[in-house]
Amino acid sequence: MSQRDDGAATGISGTRSAEGRHAKRTAVPDILSVLGLLIVFIQAGCSSDSNSTRSVTLWHQMSPAERETLNEAVERFERDNPQIRVNVLYKETEELRSGFQAAALAGTGPDLIYGPSDAVGAFAPMGIIQDLGPYYSDNELGLYSGDALTYATTPESKETSSLLQIGDRIGNHLALIVNRNIVNEIPRNSDDLIRIAKQHTRIRRMNKEVKPGFLIWVLPGLVFIIACGLLWSQRANIGQFFGDSRMNPLAFLIVVLAIFVSIITIVYPFLNNRRDDGVNQYGLVFNFIEPYFAVPFITGHGGWIFDDKAQSLQPALDTPAVVNALAFVRDLREKHNVLPAGCDYEMADTLFKKGQAAMIINGDWSWGDYVANPKLDAAVIPLPAIVSTGLPMAPMVAPRGYSLNINSLGQSRDDAIALMKHLLSKDVQQKNLTELKALPSLLSLSVESSHLADPTLRAAATQREQGRMMPTDAEMRGIWEAMRPHYQALLGGDTTPQEAATSMQADAIRNIRRMNEELKPGLLVWVLQGFAFIVACGFLWWQRGNITRFFGDVRTNPLAYLLVAPAMLILVITIVYPFLYNIALSFSNMSLRQFRDWQLIGLQNYGEVLTEPTFFVILFKTIIWTLVCVVMSVAIGLLLAVALNGNVRGKSIYQVALILPWAIPAYITALTWRGMFDAEFGAINLIGNGVLGLPAVNWLGEPNAAFAACIITNVWLGFPFMMVITLGGMQGIPRDLYEAARIDRVSRWGQFRHITLPMLKPVLVPAITLGTIWTFNNINVVWLVSAGGQPSDKTHILVSYVYKAVFNLYRYGYGAALSMIIFVLLLGFSLAFLNKTKATDAVA
Amino acid sequence: MGIIRLEHVYKRYDDGYVAVQDANLTIEDGEFLVLVGPSGCGKSTTLRMIAGLESISDGDVYIDGDRVNDREPGDRDIAMVFQNYALYPHMTVRANMGFGLKMRGVSGNIIEERVKDAASILSLEDLLDRRPKEMSGGQRQRVAVGRAIVRQPAAFLFDEPLSNLDAKLRVQMRTELSRLHQRLGTTTVYVTHDQVEAMTLGHRIVVMNRGIIQQVDTPLNLYHQPLNRFVAGFIGSPAMNFVEGSSRAGRFRSGEMEMEIPEAWARDNVTLGVRPEDLKIIDSSASDTLAVRVDVVERMGNETIGYFDFAGQPMVARLAGDVALSPGTMTTLAIRDARWHLFESGEEGTRLASGQADHSPG
């Protein structure tokens, strides 16, 4: 309890003095550093540091198998250096990236981070990692392959490049894996590949895929209505069967639905089993919808994502080579039908592991599993050459390695370097090579030919030689973001290869421009700051009575305020401060290039948001999304509540069953629905198309259908809340109102319309307001069901768009402005709605 | 027209509880019939079976000769007024009153006219555009009555309509309902647990206990000739005094007290019933007087209610306003004009004899 306590104390005192001396902006990172220290405290847990032990923290994103060797290496290091404790923390790649950015910005974070080299591309311009040059001699560096050393410029180094990452392995590249139980020849070129793939594709296809038409809703509706009508005519018999001769129609409806669902759930597995008789088999699978997997096809056609000849970084996506490559990839499914629709990473992986795919294209991280799988007899082979060009398909190759946090200083930096050197040592790399088949970065290990005896390693090495190093520039992000939507639109049949390539190029140029945009403060900043100052003063003046009363109160009731203080403090830290910080950010130029040294620049971010047509398109979509979700949730919730409020047998069972969707964590539900919406293997198409013969819908591949899928999922998640709220409200409606209505000869609908609805108003209005805000801001469902806005970024709502803008293109100021606009919209809506419906009015 | 007939009507619940047992009743056209009894006696259930809000387990209900067991409440040509008014909260008084007619497809003009008439009868003209929550309890109940009136049904059913009002308003509304019935002359069935309401409003009163009709009669007959001990005890306030004793050889005996009774009613255990207003204080004691200890004295000014202890049995007497009594002293009570009743013992013991063979007013 020594060093850290000191750190916290100085952090706090630093805050106080900084606020006095400097502008607000410098105070911000200091406060953040206190927060950051708190976070480190919490993450370090109650590790009992004695005075003599020092600690080094490492964040990594290794797979479980890789983690084992890492842990072994770390244990060895700790044995050799008993005074150093190493905290190893796993974080998923994106989480590591964003978490490290936030922590480093706050002046804290792990000493070392381990990950692919492309992360360096963003960390470098942000100025949050250190130059490793001073800690390595030229001789030491000479031991490593040049590809393993990642250099880039940082804000500190200005023009000259610094060494920012040293890789312990080079690879991360794609290759072809063949299941020799199915295929016993090796494709020599792309024609071979297609021929073999087609030869081993055996699909009992569904009915022809069509886009969802009007009929798809009408037909099942009609069937359902007719079925209900038939059953209703027999209600007396059915009622007797259930032991209740006087069923109300809604209870009846529920029973029918329940029977319907149970029949389907019982019948469905049988159907599914029949379909699984090894009848479906695909020739070639891979993560079809992700442009990273299309890169080998581009290189094979003689292209590259950047212009090799240009001096500066120029995207080269609108080239004949890229167009040909896009056409080639599209035809794999459109023409040759060798892989399933909407094939993503999980699906490809699962199909191959189940022996339902002859070949797969996947990265080196996956090979170990495939080769070790006894059911497969998998062999890794280099990707073949493209016939039209004669060029081999070259995947991207990237090192993975360690970088040093800019905030790691003094003793802990030296310890971190020691740990890093150990983890990069020959022993550790040798172990990684033999156990993980990871290609080492040390030249001394690479020249040893012994590992070439291993066919997988041989193929890996060959494939690596064919590959191209992945650029580590931050601009890569902008390229992927530009490629993905148009690539997916192409695969969905919504555009041509030429159009897609042209749009990719245009978007890539735009994204890169935006990422590198360095907005400068305008004149308006002074006006704005003055305005803010006047507003603040005005507010204080206006509230002066309350403020003096508050201080008077504090003096008279110090204990009360002392007791409330912790809660107040937490509120300020978690709500007030981030809110004010966000307001400040929205007027700032915080971005990739101005990460730690951002300035207030004025209204430019707001101007940019409000002049973009995309904003209004997405706003419109968000409104539709919110409207449909809330209306459907309320309608279904209300219907079920009415049904459950009556005399229903087994009421509690229904009630529990209907609340379940709410009780299950939303992300599990969302992912389950994503699985059910799968075009070929999902329950919805299997039942709709396979059992009922409705046209199959490419739920996740077609923009409108994907949006509908998101809505359905969200309604499923939303109705139980509305049902519970409504049911609670209904308990409070006096029964004699309904009796009076019966005597007045009011129909059931009339009773609902004239009694239930008005009496529910006091509970429904707040519920709808809350539901609207939740839905409007519900990023989870959209993000998970549509896998981050797929296809083609057509399923975004405002919040997911903000998320994407902030975390994928590092446009923090822009994102903050956008979220302020969302906040104002929601605030306006809530006030207007509550005012309009006068929710606070008591009824009766 | 509005003749309601109940024939062997039963109400049994799923758990076997019998709420109403073999109810037989004919309510004449234009009659004001009151169902009275302690809570849980089945009076409300009976009314609700007439209304159609409760299903009839057994037996038949006829309205104007038609069997209505299977008719919906809206098709029985009755109107009902509830204890909690049951007004549609988001509708104005006008809409509330006209809603039943609107649902029956009556034209707007006629509705408007009838609502106006009803409003003037109930002096609600100024409130027609208010909503229920903007009115007092008494006003709401008048609206509920108005809603029944505009329908012009064969019968009105009232389910404890005054029990949510304060005492003063209750008395006022009671007379108003009475006047209204005189004016409209519509058959009315009225449920209450308040015997004063029952006595003042009803042409005939049905006294119920434990789901069984105890007696159906005019108010005065119920008072003077109760069929059993339950009715005798339920009607009248303060309630009738009961003295447990035995009858032997033409004499009723209870402790020190002894009095002559008709020979025919000799039993081991019988109960003597005397109304508080039929007791008086006398100076001298005799064999047929009651030696009692004064317990509590309640002075009302016009009268005094005295509470006494007669050999462990409580007695109440209604005495003159200026009678001299002090708690703790002994005094002697005598029965006035042989106004006593003799019952079989038990809660619902049959009346065996009365001291004055005919002390009904007629």
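Per-chain numbering applies: the sequence of each chain, read as written, is numbered from 1 onward. Labels follow written order: the first chain is A, the first ligand is 1, and so on. Confidence filtering applies because this is a predicted model: local features only for residues at pLDDT of at least 70, side-chain atom pairs given and counted only at 80 or more, and all residues used for totals across whole chains, interfaces and linings.

Draft legend 1. Local environment of the overall build of chain A. Helix and strand counts for chain A come out as 34 helices and 11 strands. The burial criterion counts other C-beta atoms lying within 10 Å of a residue's C-beta, which is placed from the backbone; the residue is buried at 20 or more, exposed at 12 or fewer, and partly exposed between these limits. Counting across all 844 residues of chain A, residues that qualify as buried make up 41%. Sequence-distant contacts in chain A: of pairs separated by 6 or more residues, those separated by 24 or more amount to 76%. Going along the chain from the N terminus, every DSSP run of H or I of four or more residues is numbered as a helix, and every run of E of two or more is numbered as a strand. Two residues qualify as a contact pair if the distance between their C-beta atoms, derived from the backbone, is within 7 Å.

Draft legend 2. A look at the overall build of chain B. Check the secondary structure of chain B and you find eight helices and 21 strands. A total of 362 residues make up chain B; the buried ones form 42% of that total. Excluding contacts between residues fewer than 6 apart, the proportion of contacts in chain B whose partners are at least 24 apart in sequence is 63%.

Draft legend 3. Seen up close, the sheet that holds strand S5 (residues 66-67) of chain B. All names here are of chain B. Between any two strands, at least two bridges found by DSSP are needed for them to pair. Pairing is antiparallel across the open sheet formed by four strands, whose spatial order is S2-S1-S4-S5. Bordering the open sheet on either side are strand S2 (18-27) and S5, each of which pairs with just one other strand. Judged from the two bridges that link them, strand S4 (residues 58-63) and S5 form a sheet pairing that is antiparallel. Each bridged residue has a counterpart across the sheet, and for Ile63 the counterpart in S5 is Asp66.

Draft legend 4. Seen up close, the packing of helix H30 (residues 735-743) of chain A against helix H31 (residues 748-776) of chain A. Residue and element names in this part refer to chain A. In this description, a line fitted to the C-alpha atoms serves as the axis of each element, helices being fitted only across the stretch in contact, and the angle between N-to-C directions of two axes falls anywhere from 0 to 180 degrees. One way to put it is that H30 packs onto H31 with a least axis distance of 10 Å and a crossing angle of 135°. When the axes of H30 and H31 are compared, the pair comes out oblique. You can see that H30 and H31 cross each other, and the crossing is right-handed. Contacts from Leu737, Tyr738 and Ala741 of H30 reach H31 at Gly750, Gln751 and Ile755. By definition in this entry, angles of less than 35 degrees are roughly parallel, angles greater than 145 are roughly antiparallel, angles of 65 to 115 are roughly perpendicular, and the rest are oblique. Left-handed describes a crossing whose near helix is turned anticlockwise from the far helix by less than a right angle; the clockwise case is right-handed.

Draft legend 5. Here's a closer look at the sheet that holds strand S14 (residues 267-274) of chain B. All names here are of chain B. Taking strand neighbours across the sheet as the criterion, the six strands line up as S13-S12-S11-S14-S20-S21 in an open arrangement whose pairing is antiparallel. The outermost strands of the open sheet, each flanked by one partner alone, are strand S13 (257-260) and strand S21 (351-354). Each adjacent strand pair in this sheet contributes to an overall mean axis angle of 35°, direction not counted. Of the pairings in the sheet, the one linking strand S20 (residues 341-344) to S21 comprises three bridges and is antiparallel in character.

Draft legend 6. Summary view of helix H33 (residues 798-809) of chain A. All names here are of chain A. Helix span, expected: 1.5 Å multiplied by one less than the number of residues in the helix. The terminal C-alpha atoms of H33, which comprises 12 residues, lie 16 Å apart, in line with the 16 Å expected from a rise of 1.5 Å per residue. Buried residues belonging to H33 abut helix H19 (475-491), helix H20 (497-516), helix H25 (613-645), helix H32 (779-785) and helix H34 (812-837). Two residues or fewer past H33, Tyr810 is found with a positive phi of approximately 55°.

Draft legend 7. Quick peek at the packing of helix H12 (residues 320-334) of chain A against H20(A). Residues and elements named next belong to chain A. The N-to-C vectors of H12 and H20 enclose an angle of 125°; their axes lie 9 Å apart at closest approach. In this view, H12 runs oblique relative to H20, as classed from their interaxial angle. In terms of crossing hand, the pair formed by H12 and H20 is right-handed. Contacts between H12 and H20 involve Val322, Val323, Leu326, Ala327 and Arg330 from the former and Pro497, Gln498, Ala500 and Ala501 from the latter.

Draft legend 8. Region of the structure containing the nonpolar core. For this entry, the nonpolar core is defined as buried Ala, Val, Leu, Ile, Met, Phe, Trp, Tyr and Cys residues connected by C-beta atoms within 7 Å. Membership of the largest hydrophobic core comes to 283 residues, with the highest contact counts inside it found for A:Leu112, A:Ile177, A:Leu284, A:Val285, B:Leu157 and B:Val189. The biggest single contributor to this core is helix H29 (residues 703-731) of chain A, with 14 residues. Excluding residues that lie within four positions of it along the chain, B:Leu157 makes contacts with B:Leu47, B:Ile50, B:Ala51, B:Ile78, B:Met80 and B:Val189.

Draft legend 9. Fine view of the interface of chain B and chain A. Across the boundary between the two partners, chain B contributes 19 residues, which contact 17 residues of chain A. Broken down by secondary-structure element, the contributors of at least two residues to the side of chain B that touches chain A are strand S6 (78-81) and helix H2 (93-103) of chain B. When residues in the side of chain B that touches chain A are grouped by element, the largest group, three residues, is from H2(B).

Draft legend 10. Structural context of the pairing of strand S16 (residues 290-299) of chain B. Residue and element names in this part refer to chain B. Note that S16 and strand S19 (residues 330-335) share four bridges and pair antiparallel. When the sheet's bridge partners are listed, Leu290 is paired in S19 with Leu333. Between the end of S16 and the start of strand S17 (residues 303-310), which pair antiparallel, lie three residues, with Gly301 showing a positive phi angle near 100°.

Draft legend 11. Structural view of the confidence of the model for chain B. You can read pLDDT as the predictor saying how much it trusts each residue, on a scale of 0 to 100. Chain-level pLDDT for chain B is 87 on average; 97% of the residues reach the 70-or-more range. In the predicted assembly, ipTM is 0.85 and pTM is 0.69.

Draft legend 12. Structural detail: the pairing of strand S18 (residues 313-320) of chain B. Residues and elements named next belong to chain B. Looking at chain direction, S17 and S18 are connected through eight bridges and run antiparallel. Its bridge partner being in S18, Thr304 is matched across the sheet by Leu319. What sits between the antiparallel neighbours S17 and S18 is a turn of two residues, in which Ala311 has the positive phi angle 45°.

Draft legend 13. Spatial organisation of the environment of B:Glu197. Residue and element names in this part refer to chain B. Looking at the secondary structure, you find Glu197 in helix H6 (residues 195-201). With 37 residues separating them along the chain, Glu197 and Glu160 place their C-alpha atoms 9.8 Å apart. Discounting chain neighbours no more than four positions away, the residues touching Glu197 are Leu162, Arg174 and Thr192.

Draft legend 14. Helix H13 (residues 345-353) of chain A, seen in detail. All names here are of chain A. The complete set of buried residues in H13 reads Met347, Ala348, Leu351 and Phe352. When H13 is viewed along its axis, its buried side chains cluster within an angular range of 125° and face the same direction. Of the surrounding elements, those touching the buried residues of H13 are strand S6 (174-179), strand S7 (282-285), strand S8 (357-363) and helix H14 (364-372). One or two steps after H13, the chain reaches Gly355, where phi turns positive at roughly 75°. This arc describes the spread of directions from the helix axis toward the C-beta atoms.

Draft legend 15. View of unusual backbone geometry. Residues and elements named next belong to chain B. Going from Ser237 to Pro238, the amide bond is cis rather than trans, its omega being -5°. Residue position: Pro238 is located in the loop between helix H8 (229-234) and strand S11 (241-248). We note that Ser123 has phi near 45°; this positive angle belongs to a residue other than glycine. Looking at the element boundaries, Ser123 is found in the loop between helix H3 (108-121) and helix H4 (137-150).

Draft legend 16. Spatial organisation of the environment of B:Gly321. Residue and element names in this part refer to chain B. Inspection of the secondary structure assignment puts Gly321 in the loop between S18 and S19. The spatial distance from the C-alpha of Gly321 to the C-alpha of Asn302 is 4.8 Å, given a sequence separation of 19 residues. Excluding its chain neighbours within four sequence positions, the residues that come into contact with Gly321 are Gly301, Asn302, Glu303 and Thr304.

Draft legend 17. Structural view of the environment of A:Ala460. Tracing the chain through its elements places A:Ala460 in helix H18 (residues 455-466). A sequence separation of 78 residues divides A:Ala460 from A:Pro382, and the C-alpha atoms of the two residues are 7.3 Å apart.

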